[in-house]
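Residues per chain are reported as follows:
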Amino acid sequence: QHKDAYQVILDGVKGGAKEKRLAAQFIPKFFKHFPELADSAINAQLDLCEDEDVSIRRQAIKELPQFATGDNLPRVADILTQLLQSDDSAEFNLVNNALLSIFKMDAKGTLGGLFSQILQGEDIVRERAIKFLSTKLKTLPEEVMTKEVEEFILSESKKVLEDVTGEEFVLFMKILSGLKSLQTVSGRQQLVELVAEQADLEQTFNPSDPDCVDRLLQCTRQAVPLFSKNVHSTRFVTYFCEHVLPNLSSLTTPVEGLDIQLEVLKLLAEMSSFCGDMEKLESNLKKLFDKLLEYMPLPPEEAENGENAGNEEPKLQFSYVECLLYSFHQLGRKLPDFLTSKLNAEKLKDFKIRLQYFARGLQVYIRQLRLALQGKTGEALKTEENKIKVVALKITNNINVLIKDLFHIPPSYKSTVTLSWKPVQKADASQKRASEDTTSSSPPKKASAGPKRDARQIYNPPSGKYSSNLGSFSYEQRGGFRGGRGRGWGGRGNRSRGRIY
């Protein structure tokens, strides 16, 4: 009966500032009484949301949730999602709050609006809608985030993941791994399969394409925290052994200053603990063993007088060896006779000479590091130089423990070490023994070759043979993907809608 009066209020949006302010309050207030004018009312409020006067815009946005009734809710969600592009911080916060309030009315309807903009909206809207989901979903109570709502998020996310940038992929993994329904073993398994799909483990690996390498690394970083004794890393470990290790020296990366080889070896080491039954275990172990040998030098040749014939000692790459030795030790457990029955006697003897030479160099280094760190506590250990030394000591101790295991007859795979860049787990008895053991001298000298070398200084380690950024390896995107390639990881950008970041 007051339809004409309500129409006058709607027409107020064409008036001056005062009329608009009143309209911004009264349009939503009486909205529910005039369902036949619903479309006109929402459009009128929208006009106010885009007004030049910021105070009118804010008022109009604040009232938008009142329009979110029944079939109108997805439309309001869609409008609010578009308004996320606002650069006015107060306005942006109002939009966030309005979205959260309609989320509590109808989570699925709200998500429908958000995902329709993620899939079809402008770049800036897409970007902010994804950020909204990645930061706000975890704050919503369980009664809002029901199993049905989580299933809807997963199915819509899969559509988006068909065409994403690396940065977007990282955010979606954050969203999905936070869902309660995916905390189970089968949920984690589903996420690993999603990552494997993104990593394109079926395609040929191209080490000279920085995008291809970067894509694999980004995806593997997302997968690593998902692996456990029940969710196996076998598919990724197999791919790394078969395709990445043989090409290690030719890897390229778009991220400046990144030791890409070390990064790959660290990821392999972390995954190796959770590898299940592997089809081509022996051939992959052989690839790992061959790569390890490259970093385990033979002792330098000696002249007849016992002096060094070569000019300098080989350089010992401790960081690389820790990763390779750890991976070999983990996979070796699955084929414990690899060293004794799969290698010929000559090969095994050669390996033991290399191990022994490395171990003797280690002892010198461990002593030097202990001496340098002796008596230092608290603040003194926080200097950049000492932090590096502490990590170097962890690395050298780890290598020492693993080498001792391999020197057993037959080689043993029982010791447990915590990788140098990982937080220390509470040591169990065997770990404690292993770490106390590291103070003793090098392994039994079963395979010593040539004249005794102890009389001269075996190895005076030059500084900087371990990476100074060892302790600060981050799983977040490191510099990420170069802009200007559309959405998609390199080649996938062909299917993108030209999103440029």
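Parameters at a glance
- Residues numbered from 1 in each chain as written.
- Predicted model: local features only at pLDDT ≥ 70, side-chain atom pairs only at ≥ 80, totals over all residues.
- Heavy atoms only, no water.
- UniProt positions renumbered as here; feature names shortened; annotations may be inferred.
- Helix = DSSP H or I, 4+ residues; strand = E, 2+ residues; numbered from the N terminus.
- Areas by Shrake-Rupley, 256 points an atom, 1.4 Å probe, with all protein chains shown as cover.
- Core = buried A, V, L, I, M, F, W, Y, C linked by side-chain atoms within 4.5 Å.
- Buried < 20%, exposed > 50% of the residue type's maximum accessible area, 1.4 Å probe, protein only.
- Contact = heavy atoms within 4.5 Å.
- Expected span 1.5 Å × (residues − 1).
- Salt bridge = Lys/Arg side-chain N within 4 Å of Asp/Glu carboxyl O.
- pLDDT = per-residue confidence, 0-100.
- Axes fitted to C-alpha atoms, helices over the stretch in contact; angles between N-to-C directions.
- Left-handed = near helix turned anticlockwise from the far one by under 90°.
- Nonpolar A, V, L, I, M, F, W, Y, C, P; charged D, E, K, R; others polar.
- Phe/Tyr/Trp six-rings, centres within 6.5 Å; stacked < 30°, edge-to-face > 60°.
- Polar contact = N/O pair within 3.5 Å; in protein donor to acceptor, adjacent residues only side chain to side chain.

- In the nomenclature of an unreviewed UniProt entry, the chain corresponds to Apoptosis inhibitor 5 from the organism Opisthocomus hoazin.
- Per UniProt, the comment on the chain under Subcellular location (unreviewed entry) is "Nucleus".
- The UniProt entry for the chain carries the following comment under Sequence similarities (unreviewed entry): "Belongs to the API5 family."

### Re the overall build of the chain
Piece 1. Counting its regular elements, the chain contains 20 helices and zero strands.
Piece 2. Split by element, the accessible area of the chain, about 24,000 Å² in all, is 49% carbon and sulfur.

### Re the nonpolar core
Piece 1. Among the nonpolar cores identified, the biggest contains 144 residues, and Ile27, Leu80, Phe236, Phe328 and Leu339 are the most heavily contacted of them.
Piece 2. Apart from the residues lying within four places of it in its own chain, the contact partners of Ile27 are Tyr6, Ile9, Leu10, Val13, Ala41, Ala44, Gln45, Leu48 and Phe67.
Piece 3. In terms of nonpolar packing, the next biggest core, distinct from the first, is built from five residues, Leu369, Leu373, Ala392 and Leu393 among them.

### A short note on helix 8 (residues 123-136)
Piece 1. Taking 1.5 Å per residue, 14 residues should reach 20 Å; helix 8 reaches 20 Å between its end C-alpha atoms and fits that length.
Piece 2. Where helix 8 is buried, its residues meet helix 5 (73-83), helix 6 (89-105), helix 7 (107-120), helix 9 (147-160) and helix 10 (166-177).

### With respect to the pattern of salt bridges
Piece 1. Under the criterion given, the structure shown has 22 salt bridges.
Piece 2. Ionic pairing is found between Arg75 and Asp39, a salt bridge with its closest N-O pair at 3.3 Å. Of this pair, Arg75 sits in helix 5 while Asp39 sits in helix 3 (residues 38-49), and the two are 36 residues apart along the sequence.
Piece 3. Here Arg75 falls in the partly exposed class, since its relative accessible area comes to 29%.
Piece 4. The closest approach of N and O atoms between Glu379 and Lys382, which form a salt bridge, is 3.4 Å. Grouping residues by exposure puts Glu379 and Lys382 together as exposed.

### Considerations on the confidence of the model for the chain
Piece 1. Taken residue by residue, the chain gives an average pLDDT of 83. The fraction at 70 or more is 82%.
Piece 2. For the stretch residues 427-487, pLDDT sits under 50, and the model shows 142 contacts to residues farther than four places along the chain or on other chains.
Piece 3. Segment residues 490-501: pLDDT under 50, and 42 contacts once partners within four positions in sequence are set aside and those in other chains are kept.

### Brief notes about the packing of helix 18 (residues 345-373) against helix 19 (residues 384-407)
Piece 1. With their axes 9 Å apart at the nearest point, helix 18 and helix 19 run at an angle of 145 degrees to one another. The interaxial crossing formed by helix 18 with helix 19 has left-handed handedness.
Piece 2. Class assignment of the residues belonging to the contact of helix 18 with helix 19 gives a composition of 17 nonpolar, six polar and three charged.

### A word on the packing of aromatic side chains
Piece 1. Following the criterion strictly, the structure yields 14 aromatic pairs and no others.
Piece 2. A ring pair is formed by Tyr295 and Tyr320, whose centres lie 5.1 Å apart and whose planes are at 50 degrees; its orientation type is tilted. Of the two residues, Tyr295 sits in the loop between helix 15 (281-294) and helix 16 (318-332) while Tyr320 sits in helix 16, which places them 25 residues apart along the sequence.
Piece 3. Note on Tyr295: relative accessible area 13%, which makes it buried.
Piece 4. Grouped by ring-pair contacts, the aromatic residues Phe289, Phe328, Phe338 and Phe351 constitute a single cluster.

### Focus on helix 7
Piece 1. For helix 7, built from 14 residues, the straight-helix expectation of 20 Å at 1.5 Å per residue is met to within 8% by its first-to-last C-alpha distance of 20 Å.
Piece 2. All buried positions along helix 7 are accounted for by Ala107, Gly109, Thr110, Leu111, Gly113, Leu114, Phe115, Gln117 and Ile118.
Piece 3. Residues of helix 7 that are buried in the fold lie against helix 5, helix 6, helix 8, helix 9 and helix 10.
Piece 4. The opening residue of helix 7, the one whose side-chain oxygen lies 3.3 Å from the backbone nitrogen of Lys108, is Asp106.

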